[in-house]
Amino acid sequence: MSTAGSARAEGARGDRGGLRTALAGLTTRGRSFLAAGAAAVVCAYVLGQSDLLRVGLLLAVLPLMCAGVLHRTRYRVAGSRRLSPARVPAGSEARVHLRMENVSRMPTGLLMLQDRVPYVLGPRPRFVLDRVEAGGRREVSYRVRSDLRGRYPLGPLQLRLSDPFGMCELTRSFSTYDTLTVIPRVEPLPPVRLSGEAKGYGDGRQRSLALAGEDDVIPRGYRYGDDLRRVHWRSTARYGELMVRREEQPQRARCTVLLDTRAVAYDGAGPDAAFEWAVSGAASVLVHMLERGFSVRLLTDTGDAVPGEGSDGFAGASQESADAAGLMMDALAVVGHSDGAGLSRAYDMVRGGNEGLLVAFLGDLDEEQTSVLARMRQRSGGAVAFVLDSGTWLREPSDVSGPLDGGGERLRMLREAGWTAVSVPRGASLEDQWQLAGRERFGLVTARGGEGAG
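Residues numbered from 1 in each chain as written. Predicted model: local features only at pLDDT ≥ 70, side-chain atom pairs only at ≥ 80, totals over all residues. Heavy atoms only, no water.

Caption draft 1: Structural context of the packing of helix H8 (residues 367–377) against helix H10 (residues 409–416). The interhelical angle for the contact between H8 and H10, taken along N-to-C directions, is 20 degrees, at an axis separation of 9 Å. In terms of orientation, H8 lies roughly parallel with respect to H10. As H8 runs across H10, the sense of the crossing is right-handed. Taking contact as the criterion, the partners of Glu367, Thr370, Ser371 and Leu373 in H8 are, on H10, Arg410, Met413 and Leu414. Across the contact of H8 with H10, the residue classes tally to three nonpolar, two polar and two charged. (Axes fitted to C-alpha atoms, helices over the stretch in contact; angles between N-to-C directions. Helix = DSSP H or I, 4+ residues; strand = E, 2+ residues; numbered from the N terminus. Parallel < 35°, antiparallel > 145°, perpendicular 65-115°, else oblique. Left-handed = near helix turned anticlockwise from the far one by under 90°. Contact = heavy atoms within 4.5 Å. Nonpolar A, V, L, I, M, F, W, Y, C, P; charged D, E, K, R; others polar.)

Caption draft 2: Up close: a nonpolar patch on the surface. On the surface, a nonpolar cluster with roughly 510 Å² of combined accessible area is contributed by Val42, Tyr45, Val46 and Leu47. By the secondary structure assignment, Val46 is in helix H2 (residues 28–47). The exposure class of Val46 is exposed, given its relative accessible area of 62%. (Patch = residues over 30% accessible without salt bridge, like charges linked within 9 Å, V, L, I, M, F, W, Y side chains within 5 Å. Areas by Shrake-Rupley, 256 points an atom, 1.4 Å probe, with all protein chains shown as cover. Salt bridge = Lys/Arg side-chain N within 4 Å of Asp/Glu carboxyl O. Buried < 20%, exposed > 50% of the residue type's maximum accessible area, 1.4 Å probe, protein only.)

Caption draft 3: Highlighting the pairing of strand S4 (residues 93–102). Note: strand S2 (residues 77–84) against S4, eight bridges, orientation antiparallel. Across the sheet, residue Ala78 finds its bridge partner in S4, namely Glu101. As defined by bridge partners, S4 adjoins strand S7 (residues 137–145) across nine bridges and the pair is classed as antiparallel. Within S7, the residue paired with His97 across the bridge is Ser141. (Pairing = 2+ DSSP bridges.)

Caption draft 4: A look at the packing of aromatic side chains. In this structure the tally under the stated criterion is six aromatic pairs. Where Phe127 meets Tyr142, the ring centres are 6.4 Å apart and the plane angle is 40 degrees; that geometry is what we call tilted. Of this pair, Phe127 sits in strand S6 (residues 126–129) while Tyr142 sits in strand S7, and the two are 15 residues apart along the sequence. According to the relative accessible area criterion, Tyr142 is buried, its value standing at 8%. Considering the side-chain rings of Tyr266 and Phe275, the 5.2 Å spacing of their centres and the 65 degrees angle between planes classify their relative orientation as edge-to-face. Each of the two residues, Tyr266 as well as Phe275, counts as buried. Cluster of aromatic residues (ring-pair linked, three or more members): Trp277, Phe361, Phe386, Trp393 and Trp434. (Phe/Tyr/Trp six-rings, centres within 6.5 Å; stacked < 30°, edge-to-face > 60°.)

Caption draft 5: Quick look at the pattern of salt bridges. Tallied over the entire structure, the rule returns 16 salt bridges. The shortest N-O distance in the salt bridge between Asp115 and Arg81 comes to 2.9 Å. A residue pair is termed long-range when its members are at least 10 positions apart, and Asp115 in strand S5 (residues 110–115) and Arg81 in strand S2 qualify at 34 residues. With respect to burial, Asp115 and Arg81 carry one shared label: buried. Taking the shortest distance from any N to any O, the salt bridge between Asp260 and Arg262 comes out at 2.9 Å. Residue classification places Asp260 among the buried residues on the basis of a relative accessible area of 0%. Arg262 gets classed as buried once you look at its relative accessible area, which sits at 2%.

Caption draft 6: Structural view of the packing of H2 against helix H3 (residues 50–72). Packing of H2 against H3 leaves a shortest axis separation of 7 Å and a crossing angle of 155 degrees. As summarised for this structure, H2 and H3 are arranged roughly antiparallel, according to the angle between their axes. The interaxial crossing formed by H2 with H3 has left-handed handedness. Residues Gly30, Phe33, Leu34, Ala36, Gly37, Ala38, Ala40, Val41, Cys43 and Ala44 of H2 pack against Leu52, Leu53, Gly56, Leu57, Leu59, Ala60, Leu62, Pro63 and Leu64 of H3. In terms of residue class, the contact of H2 with H3 is made up of 16 nonpolar, three polar and no charged.

Caption draft 7: Up close: the sheet that holds strand S20 (residues 420–424). Taken in spatial order, the five strands of this open sheet run S17-S16-S18-S19-S20, and their pairing is parallel. This sheet does not close on itself; its edge strands, each paired only once, are strand S17 (295–300) and S20. Each neighbouring strand pair of the sheet contributes to a mean axis angle of 15 degrees, computed without reference to strand direction. Inspection of the sheet shows strand S18 (residues 357–362) paired to strand S19 (residues 382–388) by six bridges, in the parallel sense. Bridge pairing in S19 links Val359 to Val384.

Caption draft 8: Structural view of the nonpolar core. Leu332, Phe361 and Phe386 are the most contacted members of the largest nonpolar core, which has 45 residues in total. Counting residues per element, this core draws most heavily on helix H5 (residues 274–291), at twelve residues. When near neighbours in sequence (up to four residues on either side) are disregarded, Leu332 contacts Arg149, Pro184, Leu259, Val279, Ala282, Ala283, Leu286 and Leu298. Within the second largest apolar cluster, 33 residues are counted, among which are Leu83, Val88, Leu111 and Leu129. (Core = buried A, V, L, I, M, F, W, Y, C linked by side-chain atoms within 4.5 Å.)

Caption draft 9: Region of the structure containing the environment of Thr108. By secondary structure assignment, the location of Thr108 is in the loop between S4 and S5. According to the relative accessible area criterion, Thr108 is buried, its value standing at 4%. As for Thr108 and Arg76, which are separated by 32 residues in sequence, their C-alpha atoms are 9.0 Å apart.

Caption draft 10: The environment of Met289, seen in detail. Along the chain, Met289 falls in helix H5. For the pair Met289 and Arg254, spaced 35 residues apart in sequence, the C-alpha separation works out to 8.8 Å. Not counting the four nearest positions on each side in its chain, Met289 is found in contact with Cys255, Phe294, Val296, Leu357 and Trp434.

Caption draft 11: Representation of the confidence of the model for the protein chain in the model. This prediction gives the protein chain a mean pLDDT of 80; 78% of its residues lie at or above 70. Here residues 1–17 is modelled with pLDDT under 50, and outside its nearest four sequence neighbours on either side it reaches 56 contacts, counting other chains as well. (pLDDT = per-residue confidence, 0-100.)

Caption draft 12: Fine view of the state of the cysteines. A full pass over the atoms with the stated rule returns zero disulfides. The thiol of Cys168 is not disulfide-bonded; the next cysteine sulfur, from Cys66, is found 7.8 Å away. According to the relative accessible area criterion, Cys168 is buried, its value standing at 0%. (Disulfide = S-S within 2.5 Å.)

What follows is the structure, given as structure tokens:
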């Protein structure tokens, strides 16, 4: 369980605001009593009825006394909010725990508690707290749920104070609020054989040799426990100390996930739209590769990456992998459509070196963008593309005629360039599409007879 907004906020102090604020807080009952009392006083003056005058004064003074007492009441209430959890997948529920504590020396009256939440999370929760003794506390909770990704503010907390007769109500707001992060849905993926992974940590082993050539050795100083058979005598004579050859250094397998966010590439909106499927797919692949020990990198068509991400991405199979996954999920929680029309910026980000495995989630492509992707394939060890046709996603599956995989010209161009291109129909399971990509990739590698698989 994660804690959010646990800092105590003080509110509901009786000496805040003037008497005018207290009078403005008169309820319908209080205003009715005040009006009835004023009318009775006027009638008593006109008719000369002293008894009616006393009744009128009583009716008019009662709400004024309640407002004054409520205004002068001096007690302090502290509140805290805790989210469990603070990061929740779309479609799942989170529970919000509220705790109110009376930190004054006198008991409170009736308290009405209301927390502000966005409409997408559900109705505003309201609670009625009976008398809270001095130093006492009360705890309540409510649930929130959203099918849409995003970051949603919770709060500030509002507290309404009321007198025992219900004549006056005053509202006090706390100053703190918390944020609930709704991340994309993450589906567990089975391990498949995909080529192009740098063989290092994870499923393969690619080594960075310490030799630049047969006679060009980069030695290092001798350390206790080093094998004496690795002593490099020529360097030892040159530097005057015992030197040994460096061991081969393993490189971590790398994977870059490219998410196409162009607004022109997708049609439709909502949790079942093609773009949301692409975002969920990118999140699932990132988590899957992190768990397998890859260094993963998230890239969009605008060339943006996750803040804090290193040049090689986030390292998997380490103590920081959970934090890395959290950072990428936070970035995907708020990712939206871009105004760009091309993938050239993403190409500029990957063309500097070998990206290892490249997994792309793409929307509608024209010939120009397909050509950019074909060139991008040359800078990766292996490339898998999940292409979402917006036209098919706007129709029911029964209305889609023709083969959904391999029927388009763009898929043919991608496959000719070396991509493993899979067309994603509406409502398709990411697990099934992932396995299909693995089978197609393995068949392509077998046909070529030379590329390794990981």
